[in-house]
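# Coordinate inspection notes
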Amino acid sequence: MTAVEEKPTRLIKGPGMLLVWFYGVMVVGAVSRSAFQISTEFDRAPLAYSLSAVAGVVYGFITFTLIRGGETARRAALVCCAAELAGVLLVGTWTLVDHSAFPDTTVWSYYGAGYVFIPVLLPISAMYWLRRARRAAVTP
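Residues numbered from 1 in each chain as written. Predicted model: local features only at pLDDT ≥ 70, side-chain atom pairs only at ≥ 80, totals over all residues. Heavy atoms only, no water.

## Comments concerning the overall build of the protein chain
For clarity, the cut-off: Labels follow the DSSP assignment, with helices taken as runs of H or I lasting at least four residues and strands as runs of E lasting at least two, numbered in each case from the N terminus. Residue contacts are defined here by distance: any two heavy atoms, one from each residue, within 4.5 Å place the two residues in contact. All accessible areas in this document rest on Shrake-Rupley with a 1.4 Å probe, and a residue is counted as covered only by the protein chains that are shown.
For the protein chain, the count of helices and strands is four helices and zero strands. When the helices and strands of the protein chain are read in sequence order from the N terminus, they spell out α-α-α-α. Here the analysis covers contacts within the protein chain between residues at least 6 apart in sequence; of these, 69% occur between residues at least 24 apart. A total of about 8000 Å² of accessible surface is found on the protein chain, and carbon and sulfur atoms cover 70% of it.

## Observations concerning the nonpolar core
The cut-off we apply is this: Only buried residues count toward a nonpolar core. Its members are Ala, Val, Leu, Ile, Met, Phe, Trp, Tyr and Cys residues joined through side-chain atoms within 4.5 Å. Whether a residue is buried, partly exposed or exposed follows from its accessible area with a 1.4 Å probe, protein chains only, as a fraction of its type maximum: under 20%, in between, or over 50%, in that order.
The biggest cluster of nonpolar side chains holds 31 residues, and the ones touching the most others in it are Tyr-23, Tyr-59, Ile-62, Leu-66, Cys-81, Val-107 and Trp-108. Where this core is concerned, the elements lending two or more residues are α1 (15-41), α2 (46-68), α3 (71-97) and α4 (118-138). Ranked by residues supplied to this core, first place goes to α2 with eight residues. With residues up to four places along the chain from it excluded, the contact list for Val-107 reads Met-26, Ala-30, Ser-52, Ala-55, Tyr-59, Gly-112, Tyr-115 and Pro-119.

## Focus on the packing of aromatic side chains
The test is simple: Each pair of aromatic rings taken from Phe, Tyr and Trp, with Trp reduced to its six-membered ring, is defined by centres within 6.5 Å and is described as stacked if the planes are under 30 degrees apart, edge-to-face if over 60, and tilted in the remaining cases.
A full pass over the atoms with the stated rule returns three aromatic pairs. Measuring from ring centre to ring centre gives 5.1 Å for Trp-21 and Phe-22, while their planes differ by 80 degrees; the resulting arrangement is edge-to-face. We classify Trp-21 as exposed; its relative accessible area is 52%. Residue Phe-22 is classed as partly exposed on the basis of its relative accessible area, which comes to 27%. Centroid distance Trp-94 to Phe-102: 4.9 Å. Interplanar angle 75 degrees. Geometry classified as edge-to-face. Overall, the relative accessible area of 37% leaves Trp-94 in the partly exposed class. Classification of Phe-102 by relative accessible area gives buried; the value is 7%.

## Concerning the side chain of Asp-104
Put simply, the test is: Definition of a polar contact: a pair of N or O atoms within 3.5 Å, with one able to donate and the other able to accept a hydrogen when the atoms are protein atoms, and with sequence-neighbouring residues admitted only if both atoms are side-chain atoms.
Positionally, Asp-104 belongs in the loop between α3 and α4. Here Asp-104 falls in the buried class, since its relative accessible area comes to 15%. Engagement of the side chain of Asp-104 in a polar contact is seen with the side chain of Arg-44, the distance being 3.4 Å. Within the structure, Asp-104 has its side chain in polar contact with the side chain of Tyr-49 (distance 2.7 Å).

## Some thoughts on the pattern of salt bridges
The condition that has to hold: We count a salt bridge whenever a side-chain nitrogen from Lys or Arg sits within 4 Å of a carboxyl oxygen from Asp or Glu.
Per the stated rule, a full pass over the model turns up four salt bridges. Across the pair Arg-44 and Glu-41 runs a salt bridge, and its minimum N-O distance is 3.9 Å. Judged by relative accessible area, Glu-41 falls into the partly exposed class, the value being 25%. Shared partners join several salt bridges into a network, and the residues in it are Glu-41, Arg-44 and Asp-104.

## With respect to a nonpolar patch on the surface
Condition: Put simply, a patch holds well-exposed residues, over 30% relative accessible area, that have no salt bridge, with like charges counted together within 9 Å and Val, Leu, Ile, Met, Phe, Trp or Tyr side chains within 5 Å.
Judged by side-chain polarity, Leu-18, Trp-21 and Val-25 come together as a nonpolar surface patch covering roughly 320 Å² of accessible area. Relative to the assigned elements, Val-25 resides in helix α1. The class of Val-25 is partly exposed, set by a relative accessible area of 40%.

Here it is, written out as structure tokens:
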């Protein structure tokens, strides 16, 4: 077997499986909530509902990369988790500073308070796991 044909290293063993489960739940929550809100009351808070949809797509991509495995997927997931964390911190701070900016909450409003702060804790946990998974893959 050549290096090109090797099976990607699994990222979803141990705690990685829990991350996939949490990201999967967040995909369902964010996508279903934003789809309903966009289809029924988009004119009420277009920015908030669009951000929730973007969050759902980001969660979906991270879930896919974790399941896919391999070094390229691990790096892509790491970049997405960093972008996700930046988004949560930006939107969370924005909602605290200017309450009127979001007439309705997003997944990332108030650092994910409506989702038990999972949106702020999940990318931190995932980045830790992905860095640890890289070290484990490098160390024989």
